[in-house]
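What the coordinates show
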Amino acid sequence: QQQVKQSPQSLIVQKGGISIINCAYENTAFDYFPWYQQFPGKGPALLIAIRPDVSEKKEGRFTISFNKSAKQFSLHIMDSQPGDSATYFCAATPADRGSTLGRLYFGRGTQLTVWP
Amino acid sequence: KAGVTQTPRYLIKTRGQQVTLSCSPISGHRSVSWYQQTPGQGLQFLFEYFSETQRNKGNFPGRFSGRQFSNSRSEMNVSTLELGDSALYLCASSREGQPHGSGANVLTFGAGSRLTVL
């Protein structure tokens, strides 16, 4: 059972456009929602993360929007660039202060292609 | 600062064999987690180790095992390999004891070990 559902599976965007990737979850115990970016031949790398006490977090061209009541969150990439072409994974982990983030529940991933 | 190092990067095995993968975490990181990545299932959690103890285990058969050494380095072993075990095996490390989202407790992945079972 996929605890975090991610869409779309693939996304093609023109350079300068906005890329939007959506995720949904059911487990209300989740309280930390990171996004990871993975390039071919590399491991996933943390891009940006949010906690449910805020509705939006922005870091440069990357913004997470969070809707706690709908149990949905999304990644927006503004002014998308060819260098953003990668696979993006949303993830979630339950509240457990003092423990590690060792166990993340990942979405299936979105392969983003940005055309020049 | 060195990242998470996984060896070997690529390996080919045949059905029925066993394989051992190694992971060296970031210096100072005491928690090591392992994930299996496949096109069909995505990233699936295998297990997590801290202070040489397995603290969390995913839904994988007993053929998948791991251990952690006193220097935090970790190994995972897959016995009696099956074709479906072909995957990218990722190791990630994190520091212990920080609240979620503090910035200090971030899961950092290695580049992975790509296993092909023939």
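All chains use their own residue numbering, which begins from 1 and follows the written sequence. Here the convention is simple: chains get letters from A, ligands get numbers from 1, in the order in which they are written. For this predicted model, a pLDDT threshold of at least 70 governs which residues receive local features, and a threshold of 80 or more governs which side-chain atom pairs are given and counted, while totals over whole chains, interfaces and linings are taken from all residues. Remark: hydrogens and water are excluded; side-chain values derive from all non-hydrogen atoms of the structure.

1. With respect to the sheet that holds strand β6 (residues 56-59) of chain A
Note on sheets: strands pair through backbone hydrogen bonds, and any given pair is parallel or antiparallel. All names here are of chain A. A pair of strands is treated as paired once DSSP finds two or more bridges between them. Each helix corresponds to a stretch of at least 4 residues labelled H or I by DSSP, and each strand to a stretch of at least 2 residues labelled E; elements are numbered beginning at the N terminus. In space, the five strands of this open sheet follow the order β1-β3-β8-β7-β6, with antiparallel pairing throughout. Of all the strands in the sheet, the pair left with one neighbour each is β1 (4-7) and β6. Geometrically, the sheet is characterised by an average inter-axis angle of 15° between neighbouring strands, direction not taken into account. The sheet contact formed by strand β7 (residues 62-67) and strand β8 (residues 72-77) spans six bridges and is antiparallel. In the sheet register, I64 faces β8, and the bridge partner there is L75. Helix axes are fitted to C-alpha atoms over the stretch in contact, other axes to C-alpha atoms as well, and angles between N-to-C directions run from 0 to 180 degrees.

2. A few points about the sheet that holds strand β7 (residues 64-68) of chain B
Residues and elements named next belong to chain B. Read from one edge to the other, the open sheet built from four strands follows the order β1-β3-β8-β7, with strand pairing classed as antiparallel. Here the strands that pair on one side only, and so sit at the sheet edges, are β1 (5-7) and β7. Looking at each pair of strands side by side, their axes are set apart by 15° on average, direction ignored.

3. Description of unusual backbone geometry
That bond from A:S7 to A:P8 is cis: its omega, -5°, falls within 30 degrees of zero. Here A:P8 lies in the loop between β1 and β2 (10-14). The omega torsion across B:T7 and B:P8 is -10°, close enough to zero to call that bond cis. Relative to the helices and strands, B:P8 resides in the loop between β1 and β2 (10-13). One non-glycine residue, A:K71, lies in positive phi territory at about 55°. By the element assignment, A:K71 lies in the loop between β7 and β8. Here the phi dihedral of B:E52 falls at roughly 65°; this positive angle occurs in a residue that is not glycine. Take B:E52: it is sitting in the loop between β5 (42-50) and β6 (53-57). Residue class for B:E52 comes out partly exposed when judged on its relative accessible area of 48%. For every residue, the accessible area (1.4 Å probe, protein chains only) is compared with the maximum for its type, and the residue is labelled buried under 20%, exposed over 50%, or partly exposed between those bounds.

4. Details of the state of the cysteines
Note that a disulfide, as used here, is simply two cysteine sulfur atoms within 2.5 Å. Under the definition given, this model contains two disulfides over all chains. One disulfide in the model links A:C23 with A:C90; its S-S distance is 1.9 Å. Handedness of the A:C23-A:C90 disulfide follows from its S-S torsion of about -95°: it is left-handed. Of the two residues, A:C23 sits in strand β3 (residues 19-25) while A:C90 sits in strand β9 (residues 86-94), which places them 67 residues apart along the sequence. The same class applies to A:C23 and to A:C90, which are both buried. One disulfide in the model links B:C23 with B:C91; its S-S distance is 1.8 Å. Note on the B:C23 and B:C91 pair: the S-S dihedral is about -60°, so by sign convention the disulfide is left-handed. Of this pair, B:C23 sits in strand β3 (residues 19-24) while B:C91 sits in strand β9 (residues 87-94), and the two are 68 residues apart along the sequence. We classify B:C91 as buried; its relative accessible area is 0%.

5. Quick notes on the pattern of salt bridges
Where charged atoms from two side chains of opposite charge approach closely, those side chains can pair. Residue and element names in this part refer to chain B. Just to be clear on terms, a salt bridge is a Lys or Arg side-chain nitrogen sitting within 4 Å of an Asp or Glu carboxyl oxygen. Taken as a whole and judged by the stated rule, the model has eight salt bridges over all chains. Linking E82 and R63 is a salt bridge whose minimum nitrogen-to-oxygen distance equals 3.6 Å. Of this pair, E82 sits in the loop between β8 (74-78) and β9 while R63 sits in the loop between β6 and β7, and the two are 19 residues apart along the sequence. When its relative accessible area of 43% is taken as the criterion, E82 is described as partly exposed. The partner of R63 in a salt bridge is D85, with the nearest N and O atoms 2.8 Å apart.

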